[in-house]
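Chains, contacts and geometry: an overview
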Amino acid sequence: YTFTSLDLSQWTNLSSLAKAELTNDGIVVTPDTTESTVFTFNNVLSSKQAMKYNFKYAAVGDYLALCTRQVTKGATPTASRGYFFVIKEDLIEFQKYNAKSSGEIVAMVPNNGQIKSGETYEFEVGSVNVDGGVLSTLKVNGNVVLEYLDTEDPIYDQGYFSIYLHKTLGGGTLSPIK
C-alpha cells in the first residue's frame, strides 16, 4: 500500500494528549511528553502488502517504532502480537511480540546514519508471507536497512500498521509519496 493522499481520516490517533493535524506538509504528529503516541492506519494490510510513505521526525529522542501485523488496532507494542522495527540513534532493532513471547529482539543492525532526525525519508515497511515463514523488511529511500525471516511461530495473520512515537520523541510529519 502506498500512502498517496493527505487524508487524516485514514489514521487513528490513540493518544488522548498527542495532537495530529493536517497541514500542507502532511500529517503532523506532536506527542505529549507524558505519554507515548500510537498512530494507526485504519485499514488492515493484507499478508502481501507493505506500507510506503514519507516520514520526517523532529528528534530521535528515545525511539520510534514502525509496527506491522498488529492484531489489535493501535495497541502499544507490548499489548499486541506483531512485528516492530525500533529505530534508535545508534541501532535499529527488529522485535517480535506473540503468544509465546512478551517481546523479544530477534535481530538488530547499527544505525550508521541511515536514519537521522530532522530529515525526510521514504520508508517502506512490511511483513509478507513467504514459503516457510514471514519476511519483514524495512527499506529507507529504497535501500534495505533490515530484513528478517521469521520461521519460528511466524505471525501469518494480516494486521494493522502503526507508528509508535515514544513520549520523549519530538514528533514527526507523515506525508504521501508523490
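To keep things clear, this report deals only with the structure shown in the data block. (Residues numbered from 1 in each chain as written. Predicted model: local features only at pLDDT ≥ 70, side-chain atom pairs only at ≥ 80, totals over all residues. Heavy atoms only, no water.)

1. Quick notes on the side chain of Thr68
You can see Thr68 is positioned in strand β6 (residues 64-70). Within polar-contact distance, the side chain of Thr68 engages the side chain of Ser127 at 2.6 Å. Excluding its chain neighbours within four sequence positions, the residues that come into contact with Thr68 are Gly82, Tyr83, Val125, Gly126, Ser127, Tyr160 and Phe161. (Helix = DSSP H or I, 4+ residues; strand = E, 2+ residues; numbered from the N terminus. Polar contact = N/O pair within 3.5 Å; in protein donor to acceptor, adjacent residues only side chain to side chain. Contact = heavy atoms within 4.5 Å.)

2. Notes on the nonpolar core
By size, the foremost hydrophobic cluster in this structure holds 32 residues, and its most contacted members are Tyr53, Phe55, Leu66, Phe123, Leu138, Phe161 and Ile163. In terms of residue count, strand β5 (residues 50-57) provides more of this core than any other element does, four residues in total. Filtering out sequence-adjacent residues up to four positions away, Leu138 remains in contact with Leu66, Phe85, Ile92, Phe123, Glu124, Val125, Asn143, Val144, Val145 and Leu146. Counting eight residues, the second largest nonpolar core, distinct from the first, contains Val38, Tyr63, Phe84 and Tyr97. (Core = buried A, V, L, I, M, F, W, Y, C linked by side-chain atoms within 4.5 Å. Buried < 20%, exposed > 50% of the residue type's maximum accessible area, 1.4 Å probe, protein only.)

3. With respect to the pattern of salt bridges
Applying the stated criterion across every chain yields a total of four salt bridges. Residue Asp157 is joined to Arg81 by a salt bridge in which the shortest nitrogen-to-oxygen separation is 2.8 Å. Placement of the pair is Asp157 in the loop between β12 (143-150) and β13 (160-165) and Arg81 in the loop between β6 and β7 (82-87), with a sequence separation of 76 residues. Owing to a relative accessible area of 41%, Asp157 belongs among the partly exposed residues under this scheme. Among the residues examined, Arg81 registers a relative accessible area of 29% and is labelled partly exposed. The closest approach of N and O atoms between Lys96 and Asp150, which form a salt bridge, is 2.8 Å. On the criterion of sequence distance, the pair formed by Lys96 in strand β8 (residues 91-98) and Asp150 in strand β12 is long-range, its members being 54 residues apart. (Salt bridge = Lys/Arg side-chain N within 4 Å of Asp/Glu carboxyl O.)

4. So, the pairing of β6
Burial analysis of β6 places seven of its seven residues in the buried class, which makes it a mostly covered element. Here β6 runs beside β13; their pairing, made up of five bridges, is antiparallel. The residue of β13 that forms the bridge with Ala65 is Tyr164. Relative to β7, β6 runs antiparallel, the two sharing five bridges. Paired with Thr68 across the two strands is Tyr83, which belongs to β7. (Pairing = 2+ DSSP bridges.)

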